[in-house]
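What follows is each chain in one-letter form.
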Amino acid sequence: MRIVEEAAAAAAEQVVTPWEVSAPEGGIDYDKLVDRFGCQRLDAALVDRISRVTLRPPHRFLRRGIFFAHRDLNKILDIYEAGEKFYLYTGRGPSSEALHLGHLIPFMFTKYLQDAFKVPLIIQLTDDEKFLWKNLSIPECKRLARENAKDIIACGFDIERTFIFSDFSYIGGPFYENMLEVSNRVTFNNLKGNFGLSPEDHIGKISFPPVQAVPSFTSSFPHLFPGKDQLSCLIPCAIDQDPYFRMTRDVAPKIGFQKPSLIESRFFLALQGEGTKMSASDPNSAIYVTDSCKQIKAKVDKYAFSGGQDSIELHRELGANIDVDVPIKYLNFFLEDDDELEHIKKIHFPCWKLKQIMHYETLSYPL
Ligand code: TYM
């Protein structure tokens, strides 16, 4: 009996690794995740501090708790307040022709951070990672990296302060030396626990994590940061990338570098709703930045999980259930105006859902 209960508990357990995100019904329990990963919650006091230090109102991703966790973010703010510099580092594993809206979240936020702090930015395209994990050829991974770079550039980063590179074209020299320094200090046992890898996984997967670790150290980019080996690094990403940087933070002091700081977001949901993130592996779960308005409308109509009630009468009485409704969750990410968002939740939104229920042909509110 106990074995059965334990098996049921394990089956209901959420899984969050860089390669798999799944949760039992009810969605991801982010509180649990913060405790399990050992990162810190990004609370209102810290959001206020970011706003004070940058002399800007907080980004909506901060106001709405979308970026909700961090590691040593205070350290970065201390550095900045002391008049010193830091740099930003983020990335993309090019597994699809275009970015989807979920991928856009860290890039949009990084753009805000770069504008607010006026700091250099490194963007890594892990085309090698996708070769190791997806059934794609090396030329195809390189091509996708180039295509994805266009979407990333379109976010509008400061071209004087931004360096984008693909692993296949850049790795070598001091970058590779740092990779080996990291590899030397991480055991398979440590990796297994952190990343959910097993002895059956091929050694490419096992040897990859140092590749994503070392852009956290300026000495991997001597042409960009000559003589500045100790510049601190802030990494914006979704929380699925945390295992890479837990490992990096463990190793950094052992090889004479600063631990990188992190600021981490929740997941942008799949169209199907709670339980998983929008994923490039499932095209029906995702809206791509290259989708036309017509395609977006068709996907929302067909796949977006609705909080509408079962009948028009019930819907009139209760309104939509905004706790599970996907369109309102998407608006939470993308609609800037807080008052308008509240208004839609309270008044417009139920009407809009009602129209959907009544099979109106067009959506009255754009995503
Ligand atoms: P990738 O390509 O899976 O994702 C790119 C970035 O988007 C985030 N992300 C999401 N954010 C919100 N909602 C979602 N549904 C969603 N799906 C993905 C990811 O957390 C990531 O920040 N190995 C990495 C590439 C990488 C990287 C980095 C990422 C290399 N260096 C440094 C962050 C920081 C990858 O495959 O990301």
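Residues numbered from 1 in each chain as written. Predicted model: local features only at pLDDT ≥ 70, side-chain atom pairs only at ≥ 80, totals over all residues. Heavy atoms only, no water.

A. Quick peek at the pairing of strand β5 (residues 86–92). With respect to burial, β5 is a largely interior element, 6 of its 7 residues being buried. Bridging between β5 and strand β8 (residues 232–238) involves 3 bridges; their strand directions are parallel. Across the sheet, the residue bridging to F86 is S232, located in β8. The pairing of β5 with strand β6 (residues 121–125) spans 5 bridges and is classified as parallel. The residue bridging T90 from the neighbouring strand is I123, located in β6. (Buried < 20%, exposed > 50% of the residue type's maximum accessible area, 1.4 Å probe, protein only. Helix = DSSP H or I, 4+ residues; strand = E, 2+ residues; numbered from the N terminus. Pairing = 2+ DSSP bridges.)

B. Spotlight on the site of the ligand. Near the ligand lie 25 residues; those nearest to it are R92, E129, Q212, D240 and F268. The contact in question runs from a nitrogen atom of the ligand to an N or O atom on the side chain of Q212, over 2.7 Å. A238 places a main-chain nitrogen or oxygen 3.0 Å from an oxygen atom of the ligand. Looking at the shell around the ligand, the elements with two or more residues in it are β5, α6 (101–117), α7 (127–133) and β8. Residue composition of the shell around the ligand, grouped by class: 9 nonpolar, 10 polar and 6 charged. (Near = heavy atom within 4 Å. Polar contact = N/O pair within 3.5 Å; in protein donor to acceptor, adjacent residues only side chain to side chain. Nonpolar A, V, L, I, M, F, W, Y, C, P; charged D, E, K, R; others polar.)

C. Molecular detail of the confidence of the model for the protein chain. In the predicted model, the protein chain carries a mean pLDDT of 89, and 91% of its residues have values of at least 70. Contacts for the low-pLDDT stretch residues 357–367, under 50 throughout, to residues beyond four places or in other chains number 27 contacts. (pLDDT = per-residue confidence, 0-100. Contact = heavy atoms within 4.5 Å.)

D. Structural view of the pattern of salt bridges. A complete count under the given rule lists 21 salt bridges for this structure. Between R63 and D338 there is a salt bridge; the shortest N-O distance is 2.9 Å. With R63 in helix α4 (residues 60–63) and D338 in helix α18 (residues 338–357), the pair connects residues that are 275 residues apart, well separated along the chain. Look at D338 and you get partly exposed, because its relative accessible area is 33%. Measuring nitrogen to oxygen at the nearest pair gives 3.2 Å for the salt bridge that ties R249 to D72. Remark: D72 occurs in the loop between β4 (67–71) and α5 (73–81) and R249 occurs in helix α14 (residues 242–251); sequence separation between them is 177 residues. A residue is classified by how much of its surface remains accessible, and R249, at 11% relative accessible area, is buried. (Salt bridge = Lys/Arg side-chain N within 4 Å of Asp/Glu carboxyl O.)

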